[in-house]
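Secondary and tertiary structure notes
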Amino acid sequence: LARIQTDSVVMMLRELYPDLHFDIAVAMSTTGDKILDTALSKIGEKSFPTKELENALERNEVDLVVHSLKDLPTSLPPGFTIGAVCKRENPLDAVVFHPKNCGKTLSLLPEKSVIGTSSLRRAAQLKKKFPQLEFRDIRGNLNTRLKKLDDKEDFSAIILAAAGLKRMGWENRIGQLLGPEDCLYAVGQGALAVEVRAKDQEILNMVSALHDADTVLCCIAERAFMKHLEGGCSVPVAVNTLLKDGQLYLTGAVYSLDGSDSLKETMQTSVSYPHQNEDGPNDDVQHVGITAKNVPAQAQEAAENLGVELASLLLSKGAKHILSVARQLNDAR
């Protein structure tokens, strides 16, 4: 999947810059790829999936790194920035069923059916919605997880991001899409990010042409929400965004590990601002790690403020307690 995502970004860059030569010369396995017997939320270091890649960027071995945006922490190390956020693929979660359950939905599965997911966020929401089902960790890349599902009888279904399945060409495996009423998605889910050196103006200018303005604003709001909550992969935090007629709507939620305790609210703001060409130091302002010169600065500020305000609202209602208990329980597992 990482290779397919990288290829798709390079293809867009080649179309924009036919005279430039792009090498995909470095294939890396990160810590997260190697440790497959431990839940992602337990491995520890917040930015572990990206650290090795950033080291290569820092050493000038590579000029840009393609990530799933949901894997990037809301605070990047000094010297790095997200230079492009590409148009978002479907951000929803998808259910892939064992062949024997083909044609079913989660609500039609027999009681005690086991559902595989490596995400605390998915498990917390779905435990509440489908208390008759059991949820168990499943790790590995998409190929590995689908093989575990198909070859054994351990799982009745697994939950994956629809975007990854679509990019792999496996859309036909999606048995059920989980809408916001079933499962809010992860911050940044479905969007690809291009990380670059913050001071490398030439590369920054080049990749900024890939920014999709609507996706940028949605993801700034989501990342600001997560950052203000101090959330990460070790706690269940979920979002849903909609940009319509210049209004950005952000729904955000926090959950206990079993989903029994939760807080969810929606807020909106206007992001309808004209683009002003302002040369000068403000050009490279980052909003939760994203540098987007070609998106109106006031719109980016409004999106970031929306995320912070929604997080503040949830914190005022007790989100900090829910998250700290979830974090402690997760650490103790």
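Scroll up to find the structure this text is about.
Residues numbered from 1 in each chain as written. Predicted model: local features only at pLDDT ≥ 70, side-chain atom pairs only at ≥ 80, totals over all residues. Heavy atoms only, no water.

1. Some remarks on unusual backbone geometry
Inclusion rule: Comment: elements are numbered from the N terminus, with helices defined as DSSP H or I runs of at least four residues and strands as E runs of at least two.
Here N60, not a glycine, exhibits a phi torsion of approximately 60°, which is positive. Note on placement: N60 falls in the loop between α4 (48-58) and β1 (65-68). With phi around 40°, V288 is a residue other than glycine that occupies positive phi space. Position of V288 relative to the elements: it lies in the loop between β11 (262-270) and α10 (297-316).

2. Some words on the packing of helix α9 (residues 213-229) against α10
Formally: Fitted lines through C-alpha atoms give the axes, limited to the stretch in contact for helices. The angle between two N-to-C directions lies from 0 to 180 degrees. Left-handed describes a crossing whose near helix is turned anticlockwise from the far helix by less than a right angle; the clockwise case is right-handed. The contact definition used throughout considers only heavy atoms, calling two residues in contact when any of these lie within 4.5 Å. Side-chain classes follow a simple rule in which Ala, Val, Leu, Ile, Met, Phe, Trp, Tyr, Cys and Pro form the nonpolar group, Asp, Glu, Lys and Arg form the charged group, and the remainder, Gly included, forms the polar group.
Packing of α9 against α10 brings their axes to within 7 Å, and their N-to-C directions diverge by 35°. The element α9 and its partner α10 pack so that their crossing is right-handed. Listed contacts from α10 to L217, I220, A221, A224, F225, H228 and L229 of α9 are A299, Q300, A303, E304, L306, G307, V308, L310, A311, S312, L314 and L315. Considered class by class, the residues forming the contact of α9 with α10 number 14 nonpolar, four polar and one charged.

3. Focus on the pattern of salt bridges
Formally: Note on definitions: salt bridges are taken to be side-chain nitrogens of Lys or Arg within 4 Å of carboxyl oxygens of Asp or Glu. Residue exposure (1.4 Å probe, protein chains only): buried if accessible area is under 20% of the type maximum, exposed if over 50%, otherwise partly exposed.
Scanning the model with the defined rule gives 14 salt bridges in all. With a shortest N-O distance of 2.9 Å, R173 and D150 are connected by a salt bridge. Pair noted here: R173 is in the loop between α7 (162-167) and β7 (176-178) and D150 is in helix α6 (residues 142-151), with a separation of 23 residues, a long-range link. Residue D150 is classed as partly exposed on the basis of its relative accessible area of 28%.

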